[in-house]
Amino acid sequence: EAGVTQFPSHSVIEKGQTVTLRCDPISGHDNLYWYRRVMGKEIKFLLHFVKESKQDESGMPNNRFLAERTGGTYSTLKVQPAELEDSGVYFCASSQGLWGEQYFGPGTRLTVT
Amino acid sequence: AQTVTQSQPEMSVQEAETVTLSCTYDTSESDYYLFWYKQPPSRQMILVIRQEAYKQQNATENRFSVNFQKAAKSFSLKISDSQLGDAAMYFCAYRPMNTGFQKLVFGTGTRLLVSP
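Before going into details, it helps to say that this report is about the structure given with it. (Residues numbered from 1 in each chain as written. Chains lettered and ligands numbered in written order. Predicted model: local features only at pLDDT ≥ 70, side-chain atom pairs only at ≥ 80, totals over all residues. Heavy atoms only, no water.)

Re the state of the cysteines
For the structure on display, the rule yields two disulfides over all chains. Between Cys-23 of chain A and Cys-92 of chain A runs a disulfide, and the two sulfur atoms are separated by 1.8 Å. Its S-S torsion of about -60 degrees marks the bond between Cys-23 of chain A and Cys-92 of chain A as left-handed, since a negative value means left-handed. Of this pair, Cys-23 of chain A sits in strand 3 (residues 19-24) while Cys-92 of chain A sits in strand 9 (residues 88-95); the two residues are 69 residues apart in sequence, bridging distant segments of the chain. By relative accessible area, Cys-92 of chain A is classed as buried at 0%. Between the sulfur atoms of Cys-23 of chain B and its disulfide partner Cys-92 of chain B the distance amounts to 2.0 Å. (Disulfide = S-S within 2.5 Å. Helix = DSSP H or I, 4+ residues; strand = E, 2+ residues; numbered from the N terminus. Buried < 20%, exposed > 50% of the residue type's maximum accessible area, 1.4 Å probe, protein only.)

In structure tokens form, the structure reads like this:
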């Protein structure tokens with residue numbers, strides 16, 4: 001069974017540009033989470049989808065971040081326009097059921113220059 | 001607000017030795033889960049061990065065990081008979097049990113170095 005996959009693995013963009021990160025959860029997992037780790041700091045929660053609905057988006061930093069999960073399968077996280085402080089590693093996780101173990105993807109390293 | 005603190009940015013251990021990684025947390029909840037996750041270099045983060053707060057018995061998974069002190073809000077991870085493959089970032093995480101939110105709250109991580 002394939003695990004959680006994320007694309008791209010690494011993205012380098014200039015300040016002001018747009019970037020879209022993609023996450024493919026484990027097949028059958030209705031719950032999908034986005035987290036972010038800024039260098040040297042803790043991994044912070046961004047938002048949680050149940051199928052295509054946003055269950056909790058309390059961690060989204062501002063309106064430059066837009067997450068979608070059309071059809072309840074893969075999810076995208078768009079940053080527009082990107083700022084220097086958006087640099088970090090963006091992790092996606094999925095789980096089966098609300099209290100199931102969260103399985104993490106390898107992350108996307110975003111560098112904004 | 002719940003917080004998780006890992007005060008050791010980096011730890012070193014030799015193969016076959018034992019190492020303990022520290023984690024403390026702050027919460028007003030009485031029921032919750034605690035986790036240790038491992039992230040090897042350039043690889044996915046995986047769950048190492050889980051502890052339910054209502055269980056007094058410390059969780060154990062092969063060479064990995066925890067020392068859970070609920071009153072002190074402490075949750076340390078002990079790795080016995082360390083192996084080269086244990087080298088990784090280790091994250092301590094918390095999740096409340098009886099709320100509508102399933103998000104994990106993480107610490108800043110501890111990098112474990114294992115030498116031959």
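Quick notes on the pairing of strand 6 (residues 53-56) of chain A
Residues and elements named next belong to chain A. Two strands pair when backbone bridges link them, and strand 5 (residues 43-50) and strand 6 are joined in this way by three bridges, in the antiparallel orientation. Counted as the bridge partner of Val-50 is Ser-53 from strand 6. Counting the residues that bridge the hairpin from strand 5 to strand 6 gives two residues, and of these Lys-51 lies at a positive phi of roughly 55 degrees. (Pairing = 2+ DSSP bridges.)

A word on the pattern of salt bridges
Counting across every chain of the model gives nine salt bridges over all chains. For the salt bridge of Glu-83 of chain A with Lys-15 of chain A, the shortest nitrogen-to-oxygen distance reads 4.0 Å. Within this pair, whereas Glu-83 of chain A is found in the loop between strand 8 (75-79) and strand 9, its partner Lys-15 of chain A is found in the loop between strand 2 (10-13) and strand 3, the two being separated by 68 residues in sequence. On the basis of relative accessibility, which here comes to 23%, the residue Glu-83 of chain A falls in the partly exposed class. What makes Lys-15 of chain A exposed here is its relative accessible area of 51%. When the shortest N-O distance is used, the salt bridge between Lys-73 of chain B and Asp-26 of chain B registers 3.6 Å. Note that Lys-73 of chain B is positioned in the loop between strand 8 (64-69) and strand 9 (74-79) and Asp-26 of chain B in strand 4 (residues 24-26), a separation of 47 residues in sequence. For Lys-73 of chain B, a relative accessible area of 25% puts it in the partly exposed group. Looking at Asp-26 of chain B, the relative accessible area reads 39%, which means it is partly exposed. One salt-bridge network, held together by shared partners, links Arg-36, Arg-64 and Asp-86 of chain A. (Salt bridge = Lys/Arg side-chain N within 4 Å of Asp/Glu carboxyl O.)

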